[in-house]
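Observations on the model geometry
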Amino acid sequence: MNDYGLESPRARELIDAARAMGPALTQRRSQCKTDRRVSDATVADFEKAGFFKILQPEQWGGYAMDPQVFYMVGYEVAQFCPSSAWILGVIAVHNWQLAVFDDQAAQDVWTDDPSVLISSSYAPVGKVKVVDGGFRLSGRWSFSSGSEHCKWAFLGAVVPTPEAPFDMANYRTFLVPIEDYEIADNWDVVGLQGTGSHDIVVDDVFVPEYRTHKSMDGFLCDNPGNAVNDAPLYRMPFMQVFVRAVCTATLGACEGALQAFIEVAKTRQVGPNKMSNDPYARQLAAEVRASIEEMKLTMVRNFDAMMESCRSGEAIPVDSRVRYRYDSAVVADRCLELSSRMLKASGSGGIRKGSELLDFHLDMLASQAHVANNSVPFANNMGGMMFGEENLDYAV
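Since the model is a prediction, treat every value here as computed from it, not as a measurement.

Counting its regular elements, the protein contains 14 helices and nine strands. Against the 2.2 N^0.38 benchmark of 21 Å for 396 residues, the protein shows a C-alpha radius of gyration of 21 Å, consistent with a compact globule. Across its three principal directions, the C-alpha atoms of the protein cover 75 × 45 × 45 Å. Out of the 396 residues belonging to the protein, those deemed buried represent 54%.

The following block contains the structure:
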């Protein structure tokens, strides 16, 4: 195992630090939901522990560690506060994406302060006009998680051409400073309230060419930033790295729900017996534990395989990438189903306000709204390839 993997001393230190934050994250969780934002104290704790550095290039003070480490840290955090894990995932992963932009973009963001953070909204809703040296960008993007903690934003749009006014093959991520956008406070939801996933509004601003990243470069694993950041980590397919940020928070929430279920079983009476003596409750707990461990191992195995390919300089087979995308997306489906069964088995107490099981369940339900956690299109693409069709998804 290399010095950047799960068995490295630094990885163990980071995972232990995330676990040690449990009491503080649990204490802050209710206020986090009420405030509709993760507290500044939590973000400061993440920064002090080095969580935002895990995927950041070493030239900017980062650790450039294997993605497995990053996601195991997020998994630990999500057991205590899924909203905190969600913004950690989707903000810190941007430190990886910025590394595959032209290096000038990273200089713009980090030269004065390498701890500056970036939010995102990748939906292709932006309006783009091609101009000398770059683009004029306008639009309104929803679901920019953790945006109030960030000074830049990644925003999605398709660059029009005369032949193709809207072709996803021409999709790009645009990097915009906070001076060029407004945050529209409109996050009012039933789960993951603390993510503060407000709208981002941009009105006809200039974005230089070098502050954009082509999705096709990400698919081909050949990016402008690789001229500087040539470590195997930065040869990973973009979407393979990003999507785990959202499924990992869901998986950690399922672990949190399991722990809440166990506590309920220890005290709830079912007739003359405690729920912990009920054979069904015991069987369900065992099944949830086995399912969580299976999903964790699948995620780690997939990244192990991809990192091995990147280190050897070999292309990751497209059919494998398609399967990995499905493996990631289906996590939310499985977790929500397991959570539903635990909630039902816990009886009427589970629907009371303040129920930890219900809180975790609603966070998992909200996580399914993210396009990366919608398994249907990824299952269709994978099944089509199994039947001999071509891959139809260039965001794998």
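This brings us to the nonpolar core. Core analysis: the largest hydrophobic core is formed by 101 residues, its most contacted members being Phe51, Ile54, Trp96, Leu98 and Leu175. Leaving out residues up to four positions away in the same chain, tryptophan 96 has contacts with Leu55, Leu233, Tyr234, Met236, Pro237, Phe238 and Val241. Of all hydrophobic cores here, the second largest spans 15 residues; its members include Phe135, Trp141, Leu155 and Val205.

Between helix H10 (residues 244–267) and helix H12 (residues 318–345), the least distance of the axes is 9 Å, while the angle of their chain directions is 20°. In terms of axis orientation, H10 runs roughly parallel to H12. Of the two possible hands of crossing, H10 and H12 adopt the one that is left-handed. Taking contact as the criterion, the partners of Arg244, Cys247, Thr250, Leu251, Cys254, Ala257, Leu258 and Phe261 in H10 are, on H12, Tyr324, Ser328, Val331, Ala332, Cys335, Leu338, Met342 and Ala345. Within the contact of H10 with H12, the residues separate by chemical class into 13 nonpolar, two polar and one charged.

Let us now look at H10. In this model H10 runs 35 Å from its N-terminal to its C-terminal C-alpha over 24 residues, within 8% of the 34 Å that 1.5 Å per residue would give. Of all 24 residues in H10, 18 are buried, a share of seventy percent or more.

Here we take up the environment of cysteine 254. Mapped onto the elements, cysteine 254 comes out in helix H10. Residues cysteine 254 and serine 339 lie 85 residues apart in sequence; the distance between their C-alpha atoms is 6.6 Å. Setting aside chain neighbours within four positions, we find cysteine 254 in contact with Val288, Ile292, Cys335, Leu338, Met342 and Met364.

With that settled, the discussion passes to helix H7 (residues 103–110). Of all the residues in H7, the buried ones are Asp103, Ala105, Ala106, Val109 and Trp110. Each buried residue of H7 lies within a common arc of 150° when the element is viewed along its axis, so the set occupies one face. Capping the start of H7, aspartate 102 holds a side-chain oxygen 2.9 Å from the backbone nitrogen of glutamine 104, two or three residues further along.

For the rest of this paragraph, the subject is the UniProt feature "domain: Acyl-CoA dehydrogenase C-terminal" (unreviewed entry) in the protein. According to UniProt, the "domain: Acyl-CoA dehydrogenase C-terminal" (unreviewed entry) feature falls on residues 247–373. Helix makes up 75% of residues 247–373 and strand 3%, whereas the separation of the span's terminal C-alpha atoms amounts to 7 Å.

Let's shift gears to the environment of alanine 157. In this fold, alanine 157 is placed in strand E3 (residues 152–158). The buried category is assigned to alanine 157, whose relative accessible area is 0%. Taking the C-alpha atoms as reference points, alanine 157 and methionine 168, eleven residues apart in sequence, are found 8.9 Å from one another. If sequence neighbours within four positions are ignored, alanine 157 has contacts with Pro124, Gly126, Val128, Leu137, Asn170, Tyr171, Arg172 and Phe174.

Mapped onto the elements, alanine 18 comes out in helix H1 (residues 9–20). Separated by 184 residues in the primary sequence, alanine 18 and valine 202 place their C-alpha atoms 35 Å from one another.

Cut-off values and rules
- Residues numbered from 1 in each chain as written.
- Predicted model: local features only at pLDDT ≥ 70, side-chain atom pairs only at ≥ 80, totals over all residues.
- Heavy atoms only, no water.
- Helix = DSSP H or I, 4+ residues; strand = E, 2+ residues; numbered from the N terminus.
- Rg over C-alpha atoms; globule rule 2.2 N^0.38 Å.
- Buried < 20%, exposed > 50% of the residue type's maximum accessible area, 1.4 Å probe, protein only.
- Core = buried A, V, L, I, M, F, W, Y, C linked by side-chain atoms within 4.5 Å.
- Contact = heavy atoms within 4.5 Å.
- Axes fitted to C-alpha atoms, helices over the stretch in contact; angles between N-to-C directions.
- Parallel < 35°, antiparallel > 145°, perpendicular 65-115°, else oblique.
- Left-handed = near helix turned anticlockwise from the far one by under 90°.
- Nonpolar A, V, L, I, M, F, W, Y, C, P; charged D, E, K, R; others polar.
- Expected span 1.5 Å × (residues − 1).
- Arc of directions from axis to C-beta.
- Polar contact = N/O pair within 3.5 Å; in protein donor to acceptor, adjacent residues only side chain to side chain.
- UniProt positions renumbered as here; feature names shortened; annotations may be inferred.

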